[in-house]
Structures are given as C-alpha cells and as structure tokens.
Amino acid sequence: MENGGIEEADDALPVPAPPNGRRYRPVGSSDSAVIQMTSMEPGSSSSASIDAVVKPQPPRNLKPDANLTIDPSMREGSPDDHATSGGSQGDSKLELFGFDSLVNILGLKSMTGEQIQAPSSPRDGEDVAITIGRPKETGPKFGTMMGVFVPCLQNILGIIYYIRFTWIVGMAGVWQSLVLVSFCGACTFLTGISLSAIATNGAMKGGGPYYLIGRALGPEVGVSIGLCFFLGNAVAGSMYVLGAVETFLDAVPSAGLFQKSVTVVNNTLVNGTETAGTSTISTPSLHDLQVYGVIVTVLLCFIVFGGVKIINKVAPAFLIPVLFSLLCIYLGVFIAPRHNAPKGITGLSITTFKDNWGSEYQRTNNAGVPDPSGSIYWDFNALVGLFFPAVTGIMAGSNRSASLKDTQRSIPIGTLSATLTTTAMYLFSVLLFGALASREELLTDRLLTATVAWPAPAVIYIGIILSTLGAALQSLTGAPRLLAAIANDDILPVLNYFKVSEGSEPHAATLFTAFICICCVVIGNLDLITPTITMFFLLCYAGVNLSCFLLDLLDAPSWRPRWKFHHWSLSLVGALLCVVIMFLISWSFTVVSLALASLIYYYVSIKGKAGDWGDGFKSAYFQLALRSLRSLGANQVHPKNWYPIPLIFCRPWGKLPENVPCHPKLADFANCMKKKGRGMSIFVSIIDGDYHELAEDAKTACRQLDAYIDYKRCEGVAEIIVAPTMSDGFRSIVQTMGLGNLKPNIIVMRYPEIWRRENLTQIPSTFVSIINDCIIANKAVVIVKGLDEWPNEYQRQYGTIDLYWIVRDGGLMLLLSQLLLTKESFESCKIQVFCISEEDTDAEELKADVKKFLYDLRMQAEVIVVTMKSWESHMESSSTVAQQDDSHEAYTSAQQRIRTYLDGMKETAQRERHPLMENGRQVVVNEQKVDKFLYTMLKLNSTILRYSRMAAVVLVSLPPPPLNHPSYFYMEYMDLLVENVPRMLIVRGYTRDVVTFFT
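Please read all numbers here as calculations on a predicted model, not as lab measurements.

Caption draft 1: Looking closely at the overall build of the protein chain. Helix and strand counts for the protein chain come out as 32 helices and 20 strands. Looking at the protein chain as a whole, 52% of its 999 residues are labelled buried. For the protein chain, restricting intrachain contacts to residue pairs at least 6 apart in sequence, the fraction spanning at least 24 positions comes to 80%. When the accessible surface of the protein chain is summed, it comes to about 47000 Å², and 58% of that surface belongs to carbon and sulfur atoms.

Caption draft 2: Local environment of the pattern of salt bridges. Considering all chains together, one arrives at twelve salt bridges under this definition. Note that Arg731 is salt-bridged to Asp773, the shortest N-O span being 3.4 Å. Highlighted residues: Arg731 in helix α24 (residues 726-736) and Asp773 in helix α26 (residues 762-776), separated in sequence by 42 residues. Accessibility expressed as a relative area gives 32% for Arg731, which makes it partly exposed. Taken together, the shared-partner salt bridges in this structure form one network comprising Asp728, Arg731 and Asp773.

Caption draft 3: Summary view of the environment of Leu153. Its location among the elements puts Leu153 in helix α4 (residues 144-156). Note on Leu153: relative accessible area 6%, which makes it buried. The sequence separation of Leu153 and Leu319 amounts to 166 residues, and the corresponding C-alpha distance is 8.4 Å. With residues up to four places along the chain from it excluded, the contact list for Leu153 reads Leu319, Leu323, Ala418 and Thr422.

Caption draft 4: Examining the sheet that holds strand β20 (residues 984-988) more closely. If you trace the ten strands from one edge of the open sheet to the other, you get β11-β10-β9-β12-β13-β20-β19-β14-β15-β16, paired in mixed fashion. Of all the strands in the sheet, just β11 (716-723) and β16 (862-867) have a single pairing partner and so form its edges. The sheet shows a mean angle of 20° between the axes of neighbouring strands, direction not considered. Across three bridges, the pairing between strand β9 (residues 646-649) and strand β12 (residues 746-750) is parallel. Bridge pairing in β12 places Leu647 opposite Ile747. Against the sheet, helix α28 (residues 843-856) touches β14 (800-805), β15 (830-837) and β16, its axis set at about 150° to β16.

Caption draft 5: Up close: the pairing of β11. Examined bridge by bridge, strand β10 (residues 681-688) and β11 share eight bridges and lie parallel to one another. Following the sheet pairing, Val684 is matched in β11 by Glu719. Between the parallel elements β10 and β11, the chain passes through helix α23 (residues 691-711) in a crossover that is right-handed.

Caption draft 6: Representation of the nonpolar core. Core analysis: the biggest nonpolar cluster contains 155 residues, and Tyr161, Tyr162, Phe165, Val223, Leu383, Phe387 and Tyr426 have the highest contact counts within it. In terms of residue count, helix α6 (residues 165-199) provides more of this core than any other element does, 18 residues in total. Other than its neighbours up to four places away in sequence, Tyr161 contacts Leu326, Ile329, Tyr330, Met425, Tyr426, Ser429, Phe433 and Thr449. Ranked by size, the runner-up nonpolar core spans 64 residues in total, among them Ala890, Leu902, Leu977 and Val978.

Caption draft 7: Spatial organisation of the packing of aromatic side chains. Evaluation of the coordinates by the stated rule reveals 31 aromatic pairs. One aromatic cluster in this structure is built from Tyr161, Tyr162, Phe165, Phe387, Tyr426 and Phe433.

Criteria and cut-off values
- Residues numbered from 1 in each chain as written.
- Predicted model: local features only at pLDDT ≥ 70, side-chain atom pairs only at ≥ 80, totals over all residues.
- Heavy atoms only, no water.
- Helix = DSSP H or I, 4+ residues; strand = E, 2+ residues; numbered from the N terminus.
- Buried < 20%, exposed > 50% of the residue type's maximum accessible area, 1.4 Å probe, protein only.
- Contact = heavy atoms within 4.5 Å.
- Areas by Shrake-Rupley, 256 points an atom, 1.4 Å probe, with all protein chains shown as cover.
- Salt bridge = Lys/Arg side-chain N within 4 Å of Asp/Glu carboxyl O.
- Pairing = 2+ DSSP bridges.
- Axes fitted to C-alpha atoms, helices over the stretch in contact; angles between N-to-C directions.
- Right-handed = clockwise from strand over helix to strand, strands pointing away.
- Core = buried A, V, L, I, M, F, W, Y, C linked by side-chain atoms within 4.5 Å.
- Phe/Tyr/Trp six-rings, centres within 6.5 Å; stacked < 30°, edge-to-face > 60°.

What follows is the structure, given as structure tokens:
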C-alpha cells in the first residue's frame, strides 16, 4: 500500500486511546522516517531517545502536499531540544512495539547526559547482564599489574620464605621439599584456574572469592566460606606482623624491652649421628612481640584507612626492596662462602646436595631449634601446614575486584602469573639451599637467608620487614572489603554494621579486622597461627574449585567463561587436593574449621534472608528434576511408588477475608494427605474474568498464596488461573496442570454447604461439572464436608475413623485412612471398615474376604458388614422404613424441593416450547430414578448416623452424577447423604490401584 493509502486509512478510522494512559497518533505521510525509542516509564524524557532519521527518496505516486520533514528534535544543538523532550510520549513513532525500555537497558540514555540509578542490592537486579545506564564513578580503577599481580606477589612472598624455608629444606630434605612445594603449588594453581574460569563468566562485584562462591553455590555456602576466608585473612595479617617484628628484634636486639635467652642442649641428629653440645640461642621475648606487634598493626590500619589509592601508592615502596632482597640472596648464594661465613655454609656443592637429599625429621623446641627432648615432632604432614601459608595470597587480587578496571582480564592473568612466578622461585630455591649449607646449619640458623645475602645481612632484614609488612597491608586491605561485601548483600542482619555505600571505604570492617589481628598478635606464637590460617584458606580454595566443578559439570546456558583452559576434572582434583592437605596438616584443625563453617551455614539458613542468585545448586536441582521426570516417563506409577499429589481448590465456594487466600483448614488437610511430610500439594485458585485485565492481580494473588502456604508449613506450590468461569478454569487445570507423571492425581475441595443460601443454580452446575471433569480425566476426588471443624495439628482426636466402602476405588479410601493415622491428631483413633451389602449377600463370607484383603495390605481395622434393603425390596414391602428413620424429615423436604424445581422446569419448557433444559443443556428426568437415588442416600445416611455418629471422621464413596440429570437434583442427593454428619470425606478413586499386596 502506498503512502497516500495509509494516510487515507488513518484519516478514515479513529484511533482509540490505549490503556494505561498511553496515547498514540497516526503516522502520516508528512512525518519523517524516525526510529525513536523512549522510556516506557511515565514522565521520562524523550530527549533521552535515539532517533535515526532516514531521508527517503520521494515515492512515485506521492501526493503533492506530502512533505518530508526532519524531526526538529534531531537537529544537533537545537534550542528546542528541551521543549521537545518535555512532550508527551505520544510523539514516539514506534511505541507500538513496546521496546522503549531498550534505551535504558543499553545505557543509551547517558548519551544525553541523563543519569539512571543502578540497583544497589543483589536482590534488586544485580544479575542483569547489561549495565544499566552510565556506571557511577566509584574511585580509581587499577589494571592487571597494580590491581592483581602486585597484591598477589606481596601476599605470597611473606615471612615463611625468609625465616622458615631454609629450615624446611633442612628438615624435609631436597626431594621431599620439592614434593612439598609442587604439592602446595599445584593446589593453588588449580584453584587459580577455577578462579579464572568463574571470574570470566560475567561481571564481578566486590567480595572476590565470596562473590564467586556465593553466586555459584548459594548464599548459605558463600557466607559461611566467605566469613571463614575473612577470618583467615585477618589472622594472616597477624602472622605477617609477628614475622616483621620478630625479624626486627633479631636484627636489633637492643630494641627489645624484655630480654629472654634460651639455653638449648644441641643434641642434633646430623646424618643419623647425635652430636652433643650446648649452645645459647637468644630469641625475642613474647612480650616484645606483643607490644611491637600491636603498634605495627595500628600503624598499618592508618594506612588502610587512607583507601585503595594510597595503598597502591605505598605498595611499590614495600615490593621493590623485597625484590631487591631476593636478588641479594641469590647473589650471596652464588658467591658463597665468603671469608666470614660460618663453617656450615659450604657454597654450592654437589656433596652438600647429596647429604641434604633425604629427610631428617626430628623433635624441636617451641622456637624451632632441634632438641631430642623437644615437645614438637616434625614430619611431612606438619611441614605442609607450616609451608602452605607461603603459597596463599592468590586471592589478594580478586579480593579487590571492585577496584579493577577489567576483572575478566586482570584476575586470570595476574593471579596465575603470580602463582607460577612464586612456585618457580620456590622450586629453584629448594635446589639452591639444598646445595648451599649443611643440614645442621639449615636447622639452626634461623636467618640463613640473611647470613648468605650479599652484601650484608641488613639488606635481608629490611627485605623481610618490608615483605611481611606489605603482605600484612594487603591482608588488612582485602579482609575488610570481603566483610563489607558480605554485609552489603544483606543476608545476615547481624552484619549490618559493616555495610558501606558504593565507593566508600569500609572503616567499620577495618576496625573489626584490626581487632582480630591484634588479638592474634597477643598470642604471639607464629607456629600456632599458621595452621589456623591454612585451614581457612583451604576452605575457600575448596569452595572455589567446587563452584567451578559444579558449574562446569552442569554446563548451564549461562556458563560461558572466556577462560577456556579449564575442565571440571581439574577443578575436582583441586578440591580433592585442598581436602587432602587439610587432613594432612591436622585432622583436629580440619574438624574444627569444618564445624565452624557448618555452624555459620546453619545460622545463615535459619537467620539469613532468603535470596536467589541463580546458584549452581538451583541449576543442579533443575537438571535433576528434568532427568527424574524423563526417567519416570509417561507410564503408570507402580502402586508401591504411588504418592498422592493433591490439587487443592483454595476458594471454590464461600467468602474469605481478602487477606486470607486459602481456607486455613485446607492447608491442614493437605498435610494430612502426606506421610512424614513427603509429597507435593498444588494450591489452585480461579479468578473469574479476562486474563488481559486481571493478569497482574493473578500474580499478586499467587505471591500471597505462596506466602500463605509457607506460613502454614505445607510443602506445595501456588497457581492462580484466570478464566471466564470457574468451570472453564478447572477444565483447563485438569487437562494441563503438571508434567508427565508429576500431575495432580487427587482433586481436593470443600463441600459447598452454602449452596442453598448463596446461589441455587451456579454452584450445583459448577460442582457437578468439576466432578464430571475429574471422572473423564481419571482423577481421584476428595470432598471435605465440615471443613471448619477439621482439626489442626494440635487438636487430638479420639474415637474411630469409619470407612463406608461401597465401590472399588483402587484402595484410595484405605490409604487415606492410614495416612490420617500417621498424624498426631488422629494417631489415637482406630479404623472401622463398613461394607454395604444387599440382603441376598452372604455377610460372613464378605466379612472374611475383606479381612483377608486388609491383612494382605498390612492394615489393621475392624470389619463390619451392614445389610441394606434395595429400592425394589422397599417398593415391594408394605412398610416404609423411611418413616421410622431420623432422616425422614430431610427426605420429604428434598422430595418436595425437587418436585417444585421440576415443575418450574416443565413450566418454562412449555412456555418456551423446548425440551427440559438446565444451564443451556437438555436434561432427562425419570421421576422413579429420582426417588430411587433419594432413597439410597437416605438409607446410607441413616446407617452412618446409626453407627458413626461419634466417629472422628467418616469416609464414604462418592456417587457419580447421573447422566442427563439436573445438577440441582444431584446436590439434593448429596445434601441428603451428608445430613447431620459433622465431619466427612467423600472419596472417589479411579481405575488404578494405589495399594498393593506385594513387597
């Protein structure tokens, strides 16, 4: 169609105003071709839109007055921009498509200088993959070198290398030291690979490993491991501080406020020979370590309070002397021995290397000096715990993820580069130190690195102090940010004190970290602190590996990491290495750390706020559910595996308060249909009306119903259906609800006791329609009469549960009675089974058959056979049993109401000259059959009142609605059945068995 035709059509047809206040105008030929996207929110500025103006060539059959103009709002720098932006949204040419919010999502509004508030909480949309608007400037951002590599290098190169590494080589020997370094290095390297894979799978907020683990394994696991990792970082800071102070006091003994000399009987095992002798070794006083350690910690906290920018300016001042000291050590090793070197330093010698090849584990005192009577025995497992802190620190860069320019590039490159660099340096150092000095020198010289360093030991002392202070600074920087990230996620209310706004420094968390660090400094024992740190770090590393393993194994659609050098098997090996190292170090420390993490997990699951971060466990549950559903197939479930899946009608009849989405006793009854809480219920409510108009109301009602189900502690799901009528809604539900064999198999609803006073026509027709739909769909039906009197879990019932077993129902009625007995409310009751038979039936034979049947089903019940006179016998007899029955008045009243209703139908049919009709369908009335049905219900009701007037609950078979009978008649039959019975379950099973004889 040409433009002229479009214009004519637009002029001819009025354009109705759309809902929600949105206004459109027809696009005429005089309009420019404009693609304009504006905000869908009311009051948003159209100046924030992007208009792509296309100047089309004039069409061949264009009207002479059809002018092509350019939207003035598109002119750059137009003075009318602001005036145009204040216009209504009706000026948008393509609002019909509803894509206006695309501008906001892609951040294109920032082109006009307009700022959009980004979500601050992970629950407000943190997982939106596209950044909303222009990102707020939150402070300086750092690259790979200063943001990741330098912090990791500073954390890894700590006190252990300088004052313990030569001692480890002397104790374990060269080959076991190589194994030790490779073992620990492999653990951190595999963890680094897993960390790289997760970090490159999307945008990353602050919190480092906590953020990664929490989003992969859920908030409970994330918080528990995150808090343990925070403690590990805080305690690691104290270890580095103690190492710096101990080195300082060794270098400057006169600075000590307290002096302590330790006399050691040096009966050292050297190459299997015990060497006797006495030497005096001076060690720093514990009180000196405590005093100076507290002072240093306070000074470092002042630097941390200055922020990341100041820390990164100070970091090179700590790192450069460290690298220079390492260079001095290697130079000293290659030129050793010098003229003043101790006798044990042989220089690089193949003989010394061979002597130190094997291990020489022995006892030492608390200072690490070999002593046969010492209290500590060292072996490979203990050395793992001592050395492992020397390879930790790989998370230092990810801890500061909020300060990185590009986390997906910086974290993998920086972390793995630092890990490989330090591991290679450790392996090279093992070979050098093993060939440098004798075993005795390696074990007794606490600062052998300073002894051999060129040109003087003072260089190493300075390097050690700056190295440890730099590592302590990184720990005191990362730990508070980790704690603040946990607090900002608003999972634990107790951590609200440590929340910080975006771009602010975590001062409260820094003070708390300093307090923990000072407490550990007061302990003053370096060898006692290191295993504790190791456990916390290993827990975090195991969490990272397990997160990557789970994500890689599940391979969800959202799992698309840019880091391709990973595999789930590597993550699994990394996690197993972490666990093995934990138990190698100390099973007691492992149990304590796991218990602490478990307690935090339990506390978070109880007290924490619920959150859904799309974690791997949810994905695993989803895939497991899909796999289980496929494995079930569409075949019938075996009776041994049959579980009731009730579909509960929440508000079918009667009015409830607006804030109560479901009858309270329906939830109590749903719990009674489960054995030990196993099973699922589907709570359904139907809203009459148009879906387009009531869709939002249905969503709100679904949320309310779901919250109410949780409040009633009933395992189930909520569904709200919008349909023109209740019958149409139920027909849709019974056909489509569920998947495969996980479809509802029992329909539960209350009996419409109010039908007579509320609505005489609608409720009977709806009630009958629902029952007929269930029969056609082969669904079982349970109708609860006396729902208001149904007991809750605290109301104990006494008496009997009476079953009036009339027709074969697959054993559903028997199963329901057994399920009732499993509840505290009915556990004191006994079951009675009433078998209804006619006069010519052998009652004793029927009773024996039923007893045998119940015995085979492992059910204990008393069997009672009740003989009932048939309708034919009643008509032949001269006396009327109904006249002697208590229900005679109800019987005669029902007969009278049915006659009156039938007379009205006949009158209407004669007046309108059509057959008998009810609710638009033709009905056939056989008055003799009506009397027969009434009599049957009368006799059954009389029997129930005679035998079960005091029963806790009565279960009776549900008669199907007679074909082509008026719905009103069926309601009269049912009313006569339930007359004067306070609590009744009317049950109809289906053709499938739900119980079985066989094991």
